[in-house]
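Observations on the three-dimensional arrangement
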Amino acid sequence: MAWHNELPYYLLVCCSLSTMLTHALKQDKQSLNYLVAIFSASLCMVATQKLSADALGVYQYVIGLATCATCNVVWLISRTLFREHNPLSRRHIAVALVVAGLVIFNQTWHLVVSSDIPHLLNQAQMLKLKQGMNEITTLLSSSILALSFWEALRGFESKSNIQKRQSIVFATAFFLGLFNSSILPKFLFTPTEIEYYAPWLICSSAILILGAIQYVVHSQQESRQLHGQVKCQRQNEPRNQVNADTPSQSLNGGMSDSSCLTSNYSEGDAIQQDEAIDMAIVKGINRLIHQEQIFLQPNLKIAHLAQALNTSEYKVSKAIRGYFATANFNLFVNQFRVKHAKQLLRNNECQQWSILVIALESGFSSLATFNRVFKAISGQMPTEYRKQGNTLNYSVPNA
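Sequence positions are assigned chain by chain, starting from 1 and proceeding in written order. At least 70 in pLDDT is required for a residue's local features to be given in this predicted model, at least 80 for side-chain atom pairs to be given and counted, and no such filter applies to totals for whole chains, interfaces and linings, which use all residues. Calculation of side-chain values draws on the structure's entire complement of heavy atoms; hydrogens and water are dropped beforehand.

We now examine the side chain of Q49. Strands are runs of DSSP state E lasting at least two residues, helices are runs of H or I lasting at least four, and both sets are numbered from the N terminus onward. Mapped onto the secondary structure, Q49 falls in helix α2 (residues 31-56). Burial status follows relative accessibility: with a 1.4 Å probe on protein chains alone, a residue under 20% of its type maximum counts as buried, one over 50% as exposed, and anything between as partly exposed. A residue is classified by how much of its surface remains accessible, and Q49, at 10% relative accessible area, is buried. When residues no more than four places from it in sequence are discounted, the contact partners of Q49 are Q60, Y61, I63, G64, T67 and Q107. Only heavy atoms matter for contacts: two residues are in contact if any of them lie within 4.5 Å across the pair.

What follows is the structure, given as structure tokens:
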């Protein structure tokens, strides 16, 4: 392959690989991060297969097996980005897996016919099967690509200005990418010229779509952070602050000692109207936190809450940031853990417990993490807090 044909594939490898690592190495990953990482990895394999075709020969199709997560996964990404309610279900994942299976079959067929195995098979039947599978793959892929474009524009009139801009960027990039790689060349170039310019057309289209996805992901993340900060500032006003260090306060009570973890009805109702937060999820989170004390489980992740509530991670995260006005899931859980630890540190029956035991009983996985989080939230180290509580207890005369 000439250098002018190799260069676009090297660019695609660099862009897709950097995007994959960005999402794969992200802390507190959500389903969207996994999908973007898989899509980017598959694009990387598409470029790698093209670059290694001459050197690997028939074995290039082994790499091609990993190119099965392109159009099907970008459809799942578009649903996750632009749908608030039930973006992914088993049905959607099943459709994506079917398309992936067809791509794998196609690559396997090329591997078989390019090796010494075909003489063992009925080539006529294999050819008919290949043609049929190609038609099914083309039909499903075209339908999924159309659905991906439609997801971005679905309910456009009811979206906010920021959401409209995100939809326009995604849909425009998607349309230009498909038009540039599959339709435009047939009108402008001869078959020889199409073969010459195909690497640039295909890779530029893939990079364009990849960039649009990154833009929408980043834009949505910034919008959520800004909204969470505004809500947190509103609910951190002095009229909403309550001293949460009183020993008689119930552990199952609200987390008012740190910040904005409880919302009154009017504020919650306003947030619900503004951001369409599902109040059933809010009630479910309250139940898991206050009744089942799920925060005491070590290594708790947002996926566990989503699974317990039979909903998506995005909805849970949205409720935490919007209704409870907490910046992220880890802070939300850790404040309840610190609340629980404070109760244990002040409990006379637990005075013989070490700080490590208190940390483990409160859901932390290590003493170092417990000390750091406790200090960040309460402004004191656990030992200082325990000593302060003991001093208060000793200063109170016996009845």
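Attention shifts here to the layout of surface pockets. Cavity: a set of points on a 1 Å grid over the protein atoms alone where a 1.4 Å probe fits but cannot get out. Pocket: an open set with protein on both sides within 12 Å along at least five of seven lines, its lining residues, like those of a cavity, having an atom within 4 Å of a point. Grid points are joined across faces, edges and corners, and a volume is the space filled by probe spheres set on the points. When its volume is computed, the largest pocket comes out at roughly 1,400 Å³. If you go around the largest pocket, you meet 37 residues; those closest to its centre are V46, T70, C71, L145 and I202. Of all elements in the fold, only α1 (3-24), α2, α3 (60-64), α4 (71-82), α5 (90-113), α6 (123-153), α7 (161-188) and α8 (191-235) reach the threshold of two or more residues within the lining of the largest pocket. Counting residues per element, the lining of the largest pocket draws most heavily on α7, at eight residues.

A separate point is the environment of Y10. Looking at the element boundaries, Y10 is found in helix α1. Considering only alpha carbons, one finds Y10 and A47, 37 residues apart in sequence, at a separation of 7.2 Å.

In this section: α1. With 22 residues, α1 extends 31 Å between its outermost C-alpha atoms, agreeing within 8% with the 32 Å of an ideal straight helix rising 1.5 Å per residue. Every buried residue of α1 is listed here: H4, N5, P8, Y9, L12, V13, S16, T19 and H23. A helix is expected to reach a length of 1.5 Å times the quantity of its residues less one.

Let us now look at unusual backbone geometry. One non-glycine residue, Q293, lies in the positive phi region at around 50°. Within the element layout of this structure, Q293 appears in the loop between α10 (279-291) and α11 (302-308). One non-glycine residue with positive phi stands out, namely N310, at about 55°. Note on placement: N310 falls in the loop between α11 and α12 (313-322).

The set of buried Ala, Val, Leu, Ile, Met, Phe, Trp, Tyr and Cys residues whose side-chain atoms join them within 4.5 Å is what this entry labels a nonpolar core. Of all hydrophobic cores here, the largest spans 33 residues; its most connected members are F39, I77, L81, F170 and I213. Residue assignment for this core shows that the elements contributing at least two residues are α1, α2, α4, α5, α6, α7 and α8. Among the elements that take part in this core, α4 stands out by supplying eight residues, more than any other. In contact with F39, not counting residues within four places along its chain, are A69, T70, V73, V74, I77, L210 and I213. Of all hydrophobic cores here, the second largest spans 22 residues; its members include I294, I320, V333 and F336.

Residues L56, Y59, V62, L65 and I104 make up a contiguous nonpolar surface patch of roughly 420 Å² in combined accessible area. Inspection of the secondary structure assignment puts I104 in helix α5. Here the term patch refers to residues with relative accessible area over 30% and no salt bridge, with like charges joined within 9 Å and nonpolar side chains (Val, Leu, Ile, Met, Phe, Trp, Tyr) within 5 Å. Residue-level accessible areas treat just the shown protein chains as cover; the underlying method is Shrake-Rupley with a 1.4 Å probe. Each salt bridge in this description consists of a side-chain nitrogen of Lys or Arg and a carboxyl oxygen of Asp or Glu lying within 4 Å of one another.

Residues of the protein with pLDDT of at least 70 account for 81%, and the chain-wide mean is 80. Note on scores: pLDDT gives the predictor's confidence for each residue, bounded by 0 and 100. For residues 237-275, every residue scores under 50 in pLDDT, and the model assigns this stretch 74 contacts once sequence neighbours within four places are set aside. Contacts for the low-pLDDT stretch residues 394-399, under 50 throughout, to residues beyond four places or in other chains number zero contacts.

Before going further, it helps to spend a moment on the side chain of N371. You can see N371 is positioned in helix α15 (residues 367-378). For N371, a relative accessible area of 19% puts it in the buried group. The residues touching N371, leaving out its near neighbours within four places in the chain, are I355, M381 and P382.

Take the packing of α2 against α4 next. It is the contact of α2 with α4, at a shortest axis distance of 9 Å, that shows an interaxial angle of 155°. With respect to each other, α2 and α4 are oriented roughly antiparallel. Seen from above, α2 lies across α4 with left-handed handedness. Residue-level contacts link S31, L32, L35, V36, I38 and F39 of α2 to V73, V74, L76, I77, T80 and L81 of α4. With axes taken as lines fitted to C-alpha atoms, and helix axes fitted only over the stretch in contact, angles between N-to-C directions fall between 0 and 180 degrees. Just so you know how the angles are binned, under 35 degrees is roughly parallel, over 145 roughly antiparallel, 65 to 115 roughly perpendicular, and the rest oblique. Note on convention: the crossing is left-handed when the near helix lies turned anticlockwise from the far helix by less than a right angle, right-handed when the turn is clockwise.

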